[in-house]
Amino acid sequence: MDNFRNQFLSKRYKAHVSWLGTTQLHKRNPLTIAAWSMAFPGFGHLLLSKYFRGYALILWEIFINQQIHLNLAIVNTLNGQFQAAKDVIDPRFMSLYIPVYLFAIWDSYRTAVDLNKIYVLAERENSPYNEFSISSLEINYLDKRKPWLSFIWSLGVPSLGQLYLHRIILASFILVSTIFIVSYSNLILAIHLLILGKVKESSGVLNMQWLLYFPSLYFFIIYDAYTNTVENNKLFDNNQKNFLIQKYQPPGTVITLGKEVELHANLRDI
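Residues numbered from 1 in each chain as written. Predicted model: local features only at pLDDT ≥ 70, side-chain atom pairs only at ≥ 80, totals over all residues. Heavy atoms only, no water.

A few points about the packing of aromatic side chains
Now for step 1: Scanning the entire structure with this criterion turns up 16 aromatic pairs.
Now for step 2: Ring plane angle 20 degrees and centroid distance 4.8 Å describe the contact between Phe40 and Phe43, whose orientation is recorded as stacked.
Now for step 3: According to the relative accessible area criterion, Phe40 is buried, its value standing at 6%.
Now for step 4: Taken together through their ring pairs, the aromatic side chains of Trp36, Phe40, Phe43, Phe180, Tyr184, Trp210, Tyr213, Phe220 and Tyr223 make up a single cluster.
Now for step 5: Here the guanidinium or amino end of Arg110 rests over the ring plane of Trp106, the centre of that ring lying 5.4 Å away. (Phe/Tyr/Trp six-rings, centres within 6.5 Å; stacked < 30°, edge-to-face > 60°. Buried < 20%, exposed > 50% of the residue type's maximum accessible area, 1.4 Å probe, protein only. Lys NZ or Arg CZ within 6 Å of the ring centre and 35° of its normal.)

Printed below as a string of structure tokens:
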């Protein structure tokens with residue numbers, strides 16, 4: 001159940017609050033979006049709230065990367081082992097990887113430019129939107145949250161920053177992805193051995209093909225949680241401003257009831 005029913009449908013809305021989360025329009029730097037898509041296809045689309053497209057690109061990236069062994073080739077190249085990098089690459093899937101990778105960058109940039117234009121129009125239209133949603137499973141509402149808390153929770157365990165913002169589906173996707181990557185890369189075991197001082201054993205158990213996914217995912221989660229908390233607070237402030245403008249008038253405003261009675265808001269005149 002939402003607390004919003006618009007009698008006259010508007011063309012554009014700045015936000016929508018549902019029990020699964022809050023989706024909003026705001027200005028984004030298209031170059032930043034494209035850079036995140038370059039780091040990992042799909043991340044740019046997640047920042048734009050294009051979730052299904054983002055999830056599809058992320059899953060495709062992991063699948064095709066595993067087929068090509070691209071991460072292993074990158075590790076070997078960084079270590080100066082160029083022949084090993086050539087040997088580990090499977091060329092059969094390279095023709096599938098490159099077009100999708102370039103499409104993710106181009107499409108996220110193009111979409112960011114378009115959504116910025118739509119945001120300007122939606123801001124000018126300033127149509128009302130729901131700020132409270134309740135269902136049999138969850139309650140979601142607009143309120144102010146602390147960006148530094150999103151940052152800290154995301155540092156601790158990926159997905160907690162998104163869960164703090166009540167972005168249920170994205171938080172679940174990130175948590176499952178993190179579990180798979182950490183499990184297959186043996187990251188926790190490597191950290192455990194490193195704490196025990198077994199440096200050689202620690203580096204030996206790491207699966208670099210899976211481990212190389214983690215840095216991009218980890219820093220993206222922190223960035224996404226922090227920036228979306230900031231934008232969520234801006235949306236809350238904007239909603240409160242519109243509410244006060246509509247419901248409260250400055251002192252001295254004449255309020256007309258019917259055709260005959262006029263009341264003054266200044267109590268001293270009563």
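Next comes the rest of the write-up.
Side note on empty space enclosed by the protein
Remark: the empty space left among the atoms is shown by a probe the size of a water molecule rolled over them.
Now for step 1: Within the structure shown, the criterion is met by two cavities of 30 Å³ or more.
Now for step 2: Taken as a whole, the largest cavity holds about 110 Å³ of empty space.
Now for step 3: Around the largest cavity, the lining comprises 14 residues; the ones closest to its centre are Thr22, Gln24, Arg167, Asn228 and Asn232.
Now for step 4: At the level of elements, β2 (21-24), β4 (139-141) and α13 (213-247) are the ones that each hand at least two residues to the lining of the largest cavity.
Now for step 5: Ranked by the residues each element gives to the lining of the largest cavity, the list is headed by β2, at three residues.
Now for step 6: A class-by-class count of the residues in the lining of the largest cavity yields three nonpolar, eight polar and three charged.
Now for step 7: Taken as a whole, the second largest cavity spans an internal volume of roughly 70 Å³.
Now for step 8: Going through the elements one at a time, α2 (43-47), α3 (51-68), α9 (168-185) and α13 are the ones with two or more residues in the lining of the second largest cavity.
Now for step 9: Of the residues forming the lining of the second largest cavity, the biggest block, four residues, is contributed by α9.
Now for step 10: Looking at side-chain class alone, the lining of the second largest cavity contains 10 nonpolar, one polar and no charged residues. (1 Å grid on protein atoms, 1.4 Å probe; cavity = no way out; pocket = protein on both sides within 12 Å on 5 of 7 lines; lining within 4 Å. Points joined across faces, edges and corners; volume = space filled by probe spheres on them. Helix = DSSP H or I, 4+ residues; strand = E, 2+ residues; numbered from the N terminus. Nonpolar A, V, L, I, M, F, W, Y, C, P; charged D, E, K, R; others polar.)

Regarding the side chain of Ser159
Now for step 1: Looking at where Ser159 falls in the secondary structure, it is placed in the loop between α7 (147-156) and α8 (160-164).
Now for step 2: Excluding residues within four positions of it along the chain, Ser159 makes contact with Ala171, Ile174, Leu175 and Ile221. (Contact = heavy atoms within 4.5 Å.)

Overview of unusual backbone geometry
Now for step 1: Backbone geometry places Ser49, a non-glycine residue, at a positive phi of 65 degrees.
Now for step 2: You can see Ser49 is positioned in the loop between α2 and α3.
Now for step 3: With a relative accessible area of 19%, Ser49 lands in the buried category.
Now for step 4: With phi around 60 degrees, Asn186 is a residue other than glycine that occupies positive phi space.
Now for step 5: Following the sequence through the fold, Asn186 ends up in the loop between α9 and α10 (187-195).

Thoughts on the pairing of strand β1 (residues 15-18)
Now for step 1: Judged by which residues are buried, β1 turns out to be one-sided: Ala15 and Val17 face inward and are buried, whereas His16 and Ser18, on the alternate face, are not.
Now for step 2: Strand direction decides the pairing type here: β1 and β2, joined by four bridges, are antiparallel. Opposite Ser18, over in β2, you have Gly21 as the bridge partner.
Now for step 3: Hairpin geometry of β1 and β2 is characterised by an intervening segment of two residues between the two adjacent antiparallel strands. (Pairing = 2+ DSSP bridges.)

Points about the environment of Tyr218
Now for step 1: Here Tyr218 lies in helix α13.
Now for step 2: You can call Tyr218 buried: its relative accessible area is 18%.
Now for step 3: The sequence separation of Tyr218 and Ser159 amounts to 59 residues, and the corresponding C-alpha distance is 9.5 Å.
Now for step 4: Beyond its immediate chain neighbours, meaning those up to four positions away, Tyr218 contacts Ser154, Leu155 and Pro158.

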